[in-house]
Amino acid sequence: MSIQFFPETKTFRLDTKETSYIMSVSRQGHLLHLYYGGKLGDDDISVLTAGEIRTGFSPLPYEYADGRYSLDCMPQEFSTDGVGDFRYTSISVVNSDGSYAFDGKYVKHRIYSGKYSLDCLPSLFSNPDEKADTLEVELADKATGVRVTLLYGVFEDKDVITRAVIVKNGGNDKIKLRRIMSCNLDFRRVGFDFIHFYGHAYLERLTEREHVTHAACEIGSVKGTPGHEHNPSVVLCDRNANEEYGECYGAALLYTGNFICNAKVDQLNQTRFVMGIHPEKFEFVLNADDTFTAPEVVLTYSDSGFAKMTHHLHDVFRENACRSKYMKQRRPVLVNNWEATRFSFTGEKIVSIAREGKKLGADLFVLDDGWFGARNDEHAGLGDWTVNREKMGGDLSDIIKQVNDAGLMFGLWFEPEMINEDSDLYRAHPDWVLKIPGRQPAICRNQLVLDITRQDVQDYIIKAVNNILDNNHIEYVKWDFNRYLTDTYSALCDNEHQGEIFHRFVLGFYKLLDGIILTHPDILFEGCSGGGSRFDGGMLCYQPQIWCSDDTDAVWRTKIQYGTSFAYPVSSMGAHVSACPNKKTQRTVSFKTRAAVAMSGTFGYELDTTRMTDAEKAECAEYTKLFRKYYDIITYGDYYRLTNPFENTRYVAWEHAAKDKSECLITAVTMDAYTQHHIMYLKPRGLDENAMYETELADGKVIIMSGKTLMKVGLPFDLFVSQYESRQFYIKKV
Ligand code: DGJ
């Protein structure tokens, strides 16, 4: 069992292959954090005690007023609130007597094999052939009866530990939950850096690294969705950590809503890290016996840099998050019409893009926004999920048949949670949107948000979308979401519960995913939200892939995909070759480089294939072939960031390596033009030192080298080429 309890010391020990996580119950009854890091030996760990610490002005528990045990200083697993800890606490609750306090003390625990799952929220699952165990620890506040159950899931072979929390009102009167963090990690050290992924629409998940100091590092979202600005995944690492060196922790929240992540050094130079639902505009009423489940956090630790941490996260997100058959089955290369046509198309045009797309070697054609209702621009139609027969020149089934006859699968775009005022749905149900009485709701992209906290709205959406999916031969769906939430007020909810709407919206969203995605196991679903505003682990529990960004410029994409890759696997990143000059940046980059960058994702095309020359189509067909050749290492292999595009401005390089070390693919793109021959060496990682490998150099010469030499010397890459040129090196064991 990967989880042990030592009754003499009331210590819990969680072990994975290479990590240990230790906590114990203090004599005062609190669950204290003792250690999370590299695996400890099986020897005596009694030296690992939290001791009892305080500092000047530290409040002390009444019964221990003569001691040194202050909750403001002690490292806790789930920090108390209002009774002495002034740091960022795990919980804030207004009790039935109006007091703000929670002092959770150990009551009992349960250890069992298998991974827990959560009610109404996504969480990782364990596969039948792997070992995963669960620890549940119950803490209770004696004065109020409020209880929390801390859940720990241990994926032994994957070096991953998950955490979640269930709060129960065990008292007799209602309470209000104002804050609940899914994870609290108290480290008795300083010297961390905080790496996070920031951006805006069309430029998501850029990378920023800051020192964690006595001033908090904090990221989050209050937009109702994770948003473009921050991502619910972060890295906490040694100041000198890099891809191959240093201790680092990766954390990702499986939640598609408001979130917060905060890291701060306290007055005794200890570091507290918390992650959970953003407490702003959050208040959840719990009547007697009601429970609230806080979302899951996935944690991992690496003793040797970011690459190893990334491999742990990629492995669990590939194998333990999504049950779609497409996690194991080859995914289609697609052609999407959005950038080619936007809203201006006819059925005939769509069929010709698909037909010509076949010549690019694609397997699937995706009809994007604009096929339904009166949707000829952004002003109308959202909510009316019936085909616009006039625009399409017939039924959807006619178009699908022609696309299928051309040898392609057919995919369709939806934006189920949204509505235009100019729609039949809005005219029939103006009360179905999020809006506050007496105010006009804020408009974004000319659309409003459906109140999916309501059962009747959920039922409508599920029925309307499933009606299209069940009556047509649709094999792929792009599920979009193109605004943030404002005016989060539900007409069906009484005043006291309006603070629940943000969270209930997320729960409503997961109900839609249950009702649409889980009932269509044969359809490949791709998430999207104005590009990548909803790129989080919760989404990855339902959808194997997510459109990374509406910025398809290959140069920016190297940065976007770099940031995304810290937590999320390459197989989850929707990436396409689009036309040049690029629609967003006006930049022109060769087909070869655009293809090389899109290959580090799900690969597809966003082109008007009817305007391409035969030579261009043939060139694309070669790239499609190449992607298929490398599909397995790209999709299932280990990913290595060979350069940091925010530091190395000369070239960007990355690698996909087969897990069995038999082959790898290195891609490098120059970022500038050079006046001289400028040879850099690209050093592959993850090869077998003792094996011999063959590869072709840029000049066509084939060389055979040992893994050891290759990884030490690398392959020469001459930067004396034009700007944004790229080169791929395929290295294979002989
Ligand atoms: C935003 C998406 O990111 C685009 O790819 C496209 O699907 C549009 N929405 C359609 O409205």
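Please read all numbers here as calculations on a predicted model, not as lab measurements.

### Examining the site of the ligand
Part 1: Looking at the ligand, there are 13 residues lining it, with D368, D369, K478, D480 and D550 nearest.
Part 2: Contacts to the ligand include R445, whose side-chain N or O atom sits 2.9 Å from an oxygen atom.
Part 3: Coverage of the ligand by the protein chains reaches 98% of its 290 Å² of free accessible surface.
Part 4: Grouping the amino acids of the shell around the ligand by side-chain chemistry returns four nonpolar, three polar and six charged.

### Considerations on the sheet that holds strand β26 (residues 524–527)
Part 1: Strand order in the open sheet formed by nine strands is β28-β27-β26-β25-β22-β21-β20-β30-β29, and the pairing between neighbours is parallel. Two strands close off the open sheet at either side, each with one partner strand: β28 (573–574) and β29 (577–578).
Part 2: Pairing of β29 with strand β30 (residues 604–606) involves two bridges; the strand directions are parallel. Its bridge partner lying in β30, S578 is registered against E606.
Part 3: The strands that helix α7 (residues 455–470) touches are β22 (409–414), β25 (476–479) and β26; relative to β22, the one it contacts most, it runs at about 165°.

### Considering the sheet that holds strand β38 (residues 726–733)
Part 1: Read from one edge to the other, the open sheet built from six strands follows the order β31-β32-β33-β38-β35-β36, with strand pairing classed as antiparallel. A strand with exactly one partner marks an edge of an open sheet, and here the two such strands are β31 (638–641) and β36 (702–706). The sheet shows a mean angle of 20° between the axes of neighbouring strands, taken without regard to direction.
Part 2: Of the strand pairs in this sheet, β31 and strand β32 (residues 651–657) are connected by four bridges, and their pairing is antiparallel. Bridged to Y639 within β32 is H656.
Part 3: In this fold helix α11 (residues 591–598) packs onto β32, β33 (663–670) and β38, with an angle of close to 50° to the strand it touches most, β38.

### Remarks on the state of the cysteines
By definition, a disulfide links two cysteine residues through a covalent bond between their sulfur atoms.
Part 1: Scanning all chains against the criterion turns up zero disulfides.
Part 2: Here C580 stays unpaired: no disulfide links it, and the sulfur of C620, its closest cysteine neighbor, is 11 Å away.

### Here's the deal with the domain arrangement of the protein chain
Part 1: Split by domain assignment, the protein chain resolves into domain 1 (3–320), domain 2 (325–637) and domain 3 (640–733).
Part 2: Here the C-alpha centre of domain 2 lies 34 Å away from the C-alpha centre of domain 1.
Part 3: Opposite the 46 residues of domain 1 that make contact, domain 2 presents 50 residues.
Part 4: Interface area, domain 1 with domain 2, both sides summed: about 4000 Å², of which 60% is carbon and sulfur.
Part 5: The largest per-residue losses of area from domain 1 upon contact with domain 2 belong to R205, T256 and R318, which jointly make up 18% of the total buried on that side.

### Overview of helix α10 (residues 554–564)
Part 1: With respect to burial, α10 is a largely interior element, 10 of its 11 residues being buried.
Part 2: Buried within α10 we find A554, V555, R557, T558, K559, I560, Q561, Y562, G563 and T564.
Part 3: Measuring from the backbone nitrogen of V555 back to the side-chain oxygen at the start of α10 gives 3.1 Å, which picks out D553 as the cap.

### Examining the nonpolar core
Part 1: Residues F273 and W371 are the most contacted members of the largest nonpolar core, which totals 188 residues.
Part 2: Ranked by residue count, the leading element in this core is helix α8 (residues 501–516), at 10 residues.
Part 3: Those residues in contact with W371 that lie beyond four places of it in its chain are F345, W385, T386, V387, N388, M392, L396, L412, W413, F414 and I468.
Part 4: Residues A653, A657, L687 and L697 belong to the second largest nonpolar core, which totals 23 residues.

So, how was this worked out
- Numbers given for residues are sequential positions, taken from 1 along each chain in its written order.
- In keeping with the predicted nature of the model, local features appear solely for residues at pLDDT of at least 70, side-chain atom pairs appear and are counted solely at 80 or more, and the whole-chain, interface and lining totals rest on all residues.
- To obtain the side-chain values, all non-hydrogen atoms of the structure were used and water was disregarded.
- Throughout this document, a residue counts as near a molecule or strand when at least one of its heavy atoms sits within 4 Å of that molecule or strand.
- In protein, a polar contact means a hydrogen-donor-capable atom and an acceptor-capable atom, both N or O and within 3.5 Å, with residues adjacent in sequence counting only if both atoms are side-chain atoms; elsewhere, any N or O pair within 3.5 Å suffices.
- Residue exposure ignores everything except the shown protein chains as possible cover, and the areas themselves are Shrake-Rupley values with a 1.4 Å probe.
- Three classes are used, and their members are as follows: Ala, Val, Leu, Ile, Met, Phe, Trp, Tyr, Cys and Pro are nonpolar, Asp, Glu, Lys and Arg are charged, and the others, Gly among them, are polar.
- The pairing criterion for strands is at least two bridges between them, as found by DSSP.
- To qualify as a helix, a DSSP run of H or I must reach at least 4 residues; to qualify as a strand, a run of E must reach at least 2; elements of each kind are numbered from the N terminus.
- We call two residues in contact when some of their heavy atoms are within 4.5 Å.
- Working convention: axes come from line fits to C-alpha atoms, limited for helices to the stretch in contact. Angles between N-to-C directions cover 0 to 180 degrees.
- In this description, a disulfide is simply a cysteine sulfur pair whose atoms lie within 2.5 Å.
- Segmentation of the chain into domains, including their bounds, is taken from an automatic or database domain assignment.
- Buried area is calculated as the accessible area (1.4 Å probe) missing from two parts once they are joined, with the contributions of both summed.
- Burial classes follow relative accessibility: with a 1.4 Å probe on protein chains only, a residue under 20% of its type's maximum area counts as buried, one over 50% as exposed, and anything between as partly exposed.
- What we call a nonpolar core is a set of buried Ala, Val, Leu, Ile, Met, Phe, Trp, Tyr and Cys residues that are connected through their side-chain atoms within 4.5 Å.

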